[in-house]
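Here is how the chains run, residue by residue.
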Amino acid sequence: MTLRCPPALRLVGTASAALILTVATLAGCSTAGSTTSASDGGKKSEAQAKAQAVIDQARALPTFTLDAPAFDVTKARGKTVVNVPITEQIPYVKAVDDEMKRVATRYGVKWTNYQNGGTPTEWSKGIDYGIQVKADLIIAHSGINPEVIIPALQRAKRAGIPVIATHTYQDGERPPASVASLLAGTTTVPFSRSGALQADYVISKSGCDAKPVVITANDLLASKHILKGMREEFAKLCPGLKFGTIDVPVGRWGTSIKPEIQSHLVKNPNTDWVLASFDDQTIPAVAAIQAAGKAGKVRITSYNGTPANVKLIQDGDIFVADMGESINWLAWSVVDQSFRILSDVEPTENGDQRTPIRVIDDTNVNETGKPPNNSDGYGDAYVTGYEKLWKTEG
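Residues numbered from 1 in each chain as written. Predicted model: local features only at pLDDT ≥ 70, side-chain atom pairs only at ≥ 80, totals over all residues. Heavy atoms only, no water.

Draft legend 1. Geometry of the confidence of the model for the chain. Of the residues in the chain, 89% have a pLDDT of 70 or more, and the chain-wide mean is 89. Across residues 1–41, confidence stays below pLDDT 50; counting only partners more than four residues off in sequence or on other chains, it has 48 contacts. (pLDDT = per-residue confidence, 0-100. Contact = heavy atoms within 4.5 Å.)

Draft legend 2. Inspection of the pattern of salt bridges at higher detail. Inspection of the entire model under this criterion finds 13 salt bridges. The residue Glu387 makes a salt bridge to Arg106 at a minimum N-O spacing of 2.8 Å. Here the residue Glu387 occupies a position in helix H13 (residues 381–389), and Arg106 occupies one in helix H3 (residues 91–106), the gap between them amounting to 281 residues. Residue Glu387 is classed as partly exposed on the basis of its relative accessible area of 33%. (Salt bridge = Lys/Arg side-chain N within 4 Å of Asp/Glu carboxyl O. Helix = DSSP H or I, 4+ residues; strand = E, 2+ residues; numbered from the N terminus. Buried < 20%, exposed > 50% of the residue type's maximum accessible area, 1.4 Å probe, protein only.)

Draft legend 3. Structural detail: the sheet that holds strand E6 (residues 137–141). Reading across the sheet, the five strands line up as E5-E4-E6-E7-E8 and stay open at both edges, with parallel pairing between neighbours. The open sheet has two edge strands with one neighbour each: strand E5 (110–113) and strand E8 (185–189). Adjacent strand axes in the sheet meet at a mean angle of 20° when their direction is disregarded. Pairing geometry for strand E4 (residues 80–85) and E6, over five bridges, is parallel. (Pairing = 2+ DSSP bridges. Axes fitted to C-alpha atoms, helices over the stretch in contact; angles between N-to-C directions.)

Draft legend 4. Summary view of H3. Helix length check: H3, at 16 residues, gives a terminal C-alpha distance of 23 Å against a target of 22 Å (1.5 Å per residue), a fit within 8%. For H3, the full list of buried residues reads Tyr92, Val93, Ala95, Val96, Asp97, Glu99, Met100, Val103 and Ala104. On its buried face, H3 sits against E4, E5, E6, strand E12 (299–304), helix H12 (327–342) and strand E15 (390–391). Immediately beyond the C-terminal end of H3, within one or two residues, lies Gly108, with a positive phi of roughly 85°. (Expected span 1.5 Å × (residues − 1).)

Draft legend 5. View of the state of the cysteines. One pass over the structure, following the stated rule, counts one disulfide. With a sulfur-sulfur separation of 2.0 Å, Cys208 is cross-linked through a disulfide to Cys238. One quick way to see it: the torsion about the S-S bond of Cys208 and Cys238 is about -75°, and its sign makes the bridge left-handed. A residue pair is termed long-range when its members are at least 10 positions apart, and Cys208 in the loop between helix H7 (191–206) and strand E9 (212–216) and Cys238 in the loop between helix H8 (221–237) and strand E10 (244–247) qualify at 30 residues. Residue Cys238 is classed as buried on the basis of its relative accessible area, which comes to 2%. (Disulfide = S-S within 2.5 Å.)

Draft legend 6. Looking closely at the packing of aromatic side chains. By the definition in use, this model includes 16 aromatic pairs. Relative to Trp390, the ring of Trp332 lies with its centre 5.4 Å away and its plane at 10°, an arrangement referred to as stacked. Placement of the pair is Trp332 in helix H12 and Trp390 in strand E15, with a sequence separation of 58 residues. Residue classification places Trp390 among the buried residues on the basis of a relative accessible area of 2%. (Phe/Tyr/Trp six-rings, centres within 6.5 Å; stacked < 30°, edge-to-face > 60°.)

Draft legend 7. Summary view of the packing of helix H4 (residues 120–132) against helix H5 (residues 150–158). With their axes 9 Å apart at the nearest point, H4 and H5 run at an angle of 10° to one another. Here H5 runs roughly parallel to H4, going by the angle between their axes. Listed contacts from H5 to Ser124, Ile127, Asp128 and Ile131 of H4 are Ala152, Leu153, Arg155 and Ala156. Residues of the contact of H4 with H5, tallied by class, amount to five nonpolar, one polar and two charged. (Parallel < 35°, antiparallel > 145°, perpendicular 65-115°, else oblique. Nonpolar A, V, L, I, M, F, W, Y, C, P; charged D, E, K, R; others polar.)

Draft legend 8. Examining the sheet that holds strand E11 (residues 273–276) more closely. Here six strands make up an open sheet; going across it, the order is E10-E9-E11-E12-E13-E14 and the pairing mixed. The sheet is open, and its two edges are formed by E10 and strand E14 (358–360), each paired on a single side. Within this sheet the neighbouring strands show an average axis-to-axis angle of 20°, counted without direction. Direction of pairing for E9 relative to E11: parallel, over a ladder of four bridges. Paired with Ile215 across the strands is Ala276, a residue of E11. With respect to the sheet, helix H10 (residues 282–291) is in contact with E9, E11, E12 and strand E13 (319–324), its orientation differing from that of E12 by roughly 175°.

Spelled out as structure tokens, the structure:
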């Protein structure tokens with residue numbers, strides 16, 4: 001709450017909201033917004049109420065909203081896909097890869113997940129492997145920046161093999177001119193929305209008095225969109241709120257996040273939230289909070305919905321909310337785009353597969369399973385929806 005009072009009448013200390021309002025009224029002060037509290041308890045401020053409404057809606061079970069032409073999926077039967085993931089050392093990525101292969105194989109498509117350690121050199125080798133085995137489609141999957149593998153993409157184009165990039169671009173975003181002609185399609189995701197929802201969650205709990213720090217990774221395109229979503233949502237609902245950022249490249253998450261966060265908490269003891277851009281940043285962040293003696297004082301939100309991370313919501317009170325993507329839903333969306341290209345059908349416009357985000361916290365976490373798994377928590381609307389689009393006549 002912000003009070004606008006004559007300087008001599010400004011209040012200090014820890015007076016209750018009721019006392020502040022009483023004194024403000026007697027002194028002729030005005031309030032900015034309908035604020036009575038910025039904490040978890042009591043009546044919520046206007047910003048908190050707006051954020052809470054967004055979170056309440058985002059907790060609901062998602063529906064299938066993709067509006068795309070149906071097609072004869074049997075035309076893809078017998079064709080070969082080589083999927084080159086950013087790295088299967090990230091559990092979330094491996095789970096998506098496994099589900100993609102399971103679904104594609106069921107429809108008669110030969111599918112290979114190319115194992116690699118997560119470097120541009122190895123991604124390029126994966127593209128070259130696809131060329132070597134004369135694949136019908138190659139996928140640069142789960143955040144690979146096509147701009148760092150342009151020579152390999154050029155080789156694939158010369159070989160006549162289409163390449164799609166998945167989980168790299170934001171909904172509504174087109175690939176840059178440097179790679180647009182080298183890609184046959186994309187599948188985009190709502191990165192910015194995941195960031196905005198994390199900001200909403202923090203505001204819904206702590207109002208505009210929150211003092212968060214964000215873990216970002218500037219070497220990932222997605223991370224920049226997530227940070228942008230956070231920044232814009234905080235600015236919209238809490239213009240005066242400031243937050244710190246800690247940039248940790250993806251290859252150093254396991255070694256650098258814990259000391260970086262622990263150091264930040266020591267230097268900034270009022271920090272009360274850590275916003276992780278991705279689930280794989282949360283385990284070392286939890287360890288940092290515990291090591292700094294801040295358990296119960298600092299909470300974490302994140303994005304992805306990895307079952308092992310979601311279990312932390314069930315088990316404790318440090319990691320409290322995940323902006324969850326359904327692993328299986330995401331996998332089916334990539335398979336849909338792949339099937340379209342393999343069947344000589346136009347891919348979905350701008351790569352938008354309308355994949356949802358569901359806020360997972362104490363109110364609904366048990367819907368993801370006990371323990372959480374890849375299949376529960378998001379319903380099965382996507383299964384029915386995609387199967388209706390994948391015709392099998394002919």
